[in-house]
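Residues per chain are reported as follows:
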Amino acid sequence: MPLVKIPHPACSLSRVRSYATTTGSRPPLSGLSATAKAKAEKLSQEWKGTSATGENTKNFVGGQFVESETDKWVDVVDPATQTLLTRVPETTSSEFEQAVDAASQAYKTWSRSSVLTRQRFVMDLQHQLRQHGDAIASSIVLEQGKTYPDAQGDLLRGLQVVETATGIPTALLGQTIEVSKDMDTSTRRLPLGVCASIAPFNFPAMIPLWTIPTALATGNTLVLKPSERDPGAAMIIAELCQRAGLPEGVLNVVHGTVPTVNAICDHPDIKAISFVGGDRAGKHIYERGRATGKRVQANLGAKNHAVLMPDANKNHALNSIIGAAFGAAGQRCMAISVAVLVGNSQSWIPELVERAKKLKVSQGFEQGADLGPVISPAAKQRITGLIASAEEEGGTIVLDGRGYQVPGYPDGNWVGPTVIEATATMRCYREEIFGPVLVMIKADTLDDALAIINKNKYGNGTAIFTQSGATARKFEREVEVGQVGINVPIPVPLPMFSWSGNKASFLGDVPFYGRHGIDFYTQNKTTTALWKAEDAIGNKASVDMPTHH
């Protein structure tokens, strides 16, 4: 997952950094292509809370898009051109209190609304999302740098969670049993209260949509903090929630960096936090949130391995690994960042490299683009530094994406597809790179490959490519990773299941979406009731010890 920096507690946050280049961002619209400029102007004209032409992003509080009164702003720039798109506020403490208060007041009525009312909202929201998918995808391309088809996929995977949440009446069914004559015990699921969601930069639509439909359909209200690097998709989604009939205050959106995150962790009225991001931020949020009694689910870093067996379907395996390693410029928590080549499959390295060379790196609206830029100059510097470390430690850079140039986009945060032959002791293997870099490790046997994977601290996802059912069965049973793909490179469960990353990739007891998502956002209430039939006609009290027989 993306690395989010949490400063030392003693550090001051009086100055909010910009993610533009050190020489400053370009003026609004000035560096955009004709297509990107048209998309940016349309977004700014049609949506209340976001801008792609240099105006400020707003908070969404109590059903209103509100201009922040802060004096601290973060520049959001197009990572392909460094063109200023919008400025994101460091939400003030009073504005944050207003958001939580709006959510608290709305909870009093929303939590008592019928499950059918909440189901209708989710159904209307999925219609709105489909109708306005182009706007959300375009915002993602501009702010995050994904290709347009990949940005559409970002929305689609979130939309699948919305569609699953339309089954909320069945998901909330309780249980009742007559435990004794005329005595019933029943259990039902109730909402928690005000909840919070902290989203990362790499999935600006999908991650908010992991939480919004489930939290709201179960009767909670929500305070959402999107990434300060690309908040546009979340702001459009908030407006679509409003168009779908969501009452004022049920969903609120605030912005910022560490102070806003800490305010979420510390506020006594917030009952639960859902977080997706990097190790350092995730541990900080988990520990600080738990210290104030909150439920916390936190998805952290990853190092996902794909095992390539000699009997694999070579064409399918190579294409799958290349797509999973370099798609979204490698900025996915489920990206394949390590290929473990077993036995004779090691001879396929030259062909893998040749296929990777053919990928087109360009701005996300350009025809045929396979991957776009990384999110920021700082991210580019970190990625290229990890590539250099492999060389310094004796690894072989088989395909080097450093210094990659894209015609027409001289200022982009470009890193081309990179392939490194390394060992498990090298820094490029041990650390999450979060860029278009595939580290290749050689293994003699499947047992050796399993040992490499199981020794790694992360447990988000893994895959094996083989045509042997016995090999696949052994791998699935023995690998110590929560999400396993067999000839499937990115085995993210669809939302009728639940996220199941494990080990150092997850903190908390209850994971995201699906049945477990319902569990996270609800609490059980058990009621035992006695309505004696004879009380309707009886006139003598019993003084015997009740035995429930």
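To be clear, the structure that these remarks concern was listed above.
Residues numbered from 1 in each chain as written. Predicted model: local features only at pLDDT ≥ 70, side-chain atom pairs only at ≥ 80, totals over all residues. Heavy atoms only, no water.

### Looking at the nonpolar core
- Of all hydrophobic cores here, the largest spans 67 residues; its most connected members are Val 307, Leu 308, Leu 438 and Val 439.
- The element that contributes the greatest number of residues to this core is helix α11 (residues 314–326), accounting for seven residues.
- Setting aside its immediate chain neighbours within four residues, Leu 438 contacts Ile 321, Ala 325, Phe 326, Ile 336, Ser 337, Val 338, Ala 339, Leu 352, Thr 418, Val 419 and Ile 420. (Core = buried A, V, L, I, M, F, W, Y, C linked by side-chain atoms within 4.5 Å. Buried < 20%, exposed > 50% of the residue type's maximum accessible area, 1.4 Å probe, protein only. Helix = DSSP H or I, 4+ residues; strand = E, 2+ residues; numbered from the N terminus. Contact = heavy atoms within 4.5 Å.)

### Structural notes on empty space enclosed by the protein
- Enumeration according to the criterion identifies five cavities of 30 Å³ or more in this entry.
- Gly 330, Ala 335, Ser 337, Glu 432 and Phe 434 are the residues nearest the centre of the largest cavity, which is lined by 15 residues in total.
- When the residues that make up the lining of the largest cavity are grouped by side-chain class, the tally is eight nonpolar, four polar and three charged. (1 Å grid on protein atoms, 1.4 Å probe; cavity = no way out; pocket = protein on both sides within 12 Å on 5 of 7 lines; lining within 4 Å. Points joined across faces, edges and corners; volume = space filled by probe spheres on them. Nonpolar A, V, L, I, M, F, W, Y, C, P; charged D, E, K, R; others polar.)

### Some points on the layout of surface pockets
- In this model, the second largest pocket occupies a volume close to 400 Å³.
- Surrounding the second largest pocket, 21 residues form its lining, Asp 150, Arg 157, Phe 203, Arg 332 and Ile 490 being those nearest its centre.
- If one sorts the elements of the lining of the second largest pocket by residue count, helix α5 (residues 148–165) sits on top with four residues.
- Grouping the amino acids of the lining of the second largest pocket by side-chain chemistry returns 11 nonpolar, four polar and six charged.

### So, the sheet that holds strand β5 (residues 175–180)
- Spatial ordering of the open sheet is given by β5-β6-β22, a layout of three strands whose pairing is antiparallel. The sheet is open, and its two edges are formed by β5 and β22 (522–530), each paired on a single side. For this sheet, the mean angle separating the axes of adjacent strands, direction not counted, is 25°.
- Where β5 meets strand β6 (residues 183–191), five bridges bridge the pair, whose relative direction is antiparallel. (Pairing = 2+ DSSP bridges. Axes fitted to C-alpha atoms, helices over the stretch in contact; angles between N-to-C directions.)

### What about the sheet that holds strand β12 (residues 304–308)?
- Spatial ordering of the open sheet is given by β14-β15-β16-β13-β12-β18-β19, a layout of seven strands whose pairing is mixed. Both edges of this open sheet fall to β14 (396–399) and β19 (484–486), since each of them pairs with a single strand only. Going from strand to strand, the sheet's axes swing by 25° on average, the running direction of each strand aside.
- Pairing between β12 and strand β18 (residues 462–465): four bridges, direction parallel. Along β18, the bridge assignment pairs Val 307 with Ile 464.

### Describing the pairing of strand β10 (residues 270–276)
- Among the seven residues that make up β10, six are buried, leaving the element largely enclosed by the rest of the structure.
- As paired elements, strand β7 (residues 194–198) and β10 share five bridges and run parallel to each other. Each bridged residue has a counterpart across the sheet, and for Cys 195 the counterpart in β10 is Ala 272.
- As paired elements, β10 and strand β11 (residues 295–299) share five bridges and run parallel to each other. Note on β11: the bridge partner recorded for Phe 275 is Ala 298.
- The parallel pair β10 and β11 is bridged by helix α10 (residues 279–291), and the resulting crossover is right-handed. (Right-handed = clockwise from strand over helix to strand, strands pointing away.)

### Overview of the side chain of Arg 355
- With respect to the helices and strands, the residue Arg 355 is situated in helix α12 (residues 349–357).
- Side-chain polar atoms of Arg 355 contact the side chain of Asn 315, separated by 3.0 Å.
- Residues in contact with Arg 355, not counting those within four places in the same chain, are Asn 315, Leu 318, Asn 319 and Ile 322. (Polar contact = N/O pair within 3.5 Å; in protein donor to acceptor, adjacent residues only side chain to side chain.)

### Considerations on the packing of aromatic side chains
- One pass over the structure, following the stated rule, counts 10 aromatic pairs.
- Ring centres 6.2 Å apart and planes at 35° place the aromatic pair Tyr 148 and Phe 365 in the tilted group. Pair noted here: Tyr 148 is in helix α5 and Phe 365 is in the loop between α12 and α13 (377–392), with a separation of 217 residues, a long-range link.
- With a centroid separation of 5.2 Å and an interplanar angle of 55°, the aromatic rings of Trp 210 and Trp 499 are classed as tilted. With Trp 210 in helix α7 (residues 206–217) and Trp 499 in the loop between β19 and β20 (502–503), the pair connects residues that are 289 residues apart, well separated along the chain.
- Using a relative accessible area of 4% as the deciding quantity, one classes Trp 210 as buried.
- One aromatic cluster is present, built from ring pairs that chain together Trp 210, Trp 499, Phe 506, Phe 512 and Tyr 513.
- The ring of Trp 73 has Arg 87 lying over it, and the distance from NZ or CZ to the ring centre is 4.5 Å. (Phe/Tyr/Trp six-rings, centres within 6.5 Å; stacked < 30°, edge-to-face > 60°. Lys NZ or Arg CZ within 6 Å of the ring centre and 35° of its normal.)

### Digging into the side chain of Gln 144
- With respect to the secondary-structure elements, Gln 144 resides in helix α4 (residues 133–144).
- With relative accessibility at 1%, the residue Gln 144 sits in the buried group.
- A distance of 3.2 Å separates the side chain of Gln 144 from the backbone nitrogen of Lys 146, its partner in a polar contact.
- The residues touching Gln 144, leaving out its near neighbours within four places in the chain, are Pro 79, Ser 139, Phe 201, Asn 202, Pro 204, Asp 230, Gln 331, Pro 373 and Ile 375.

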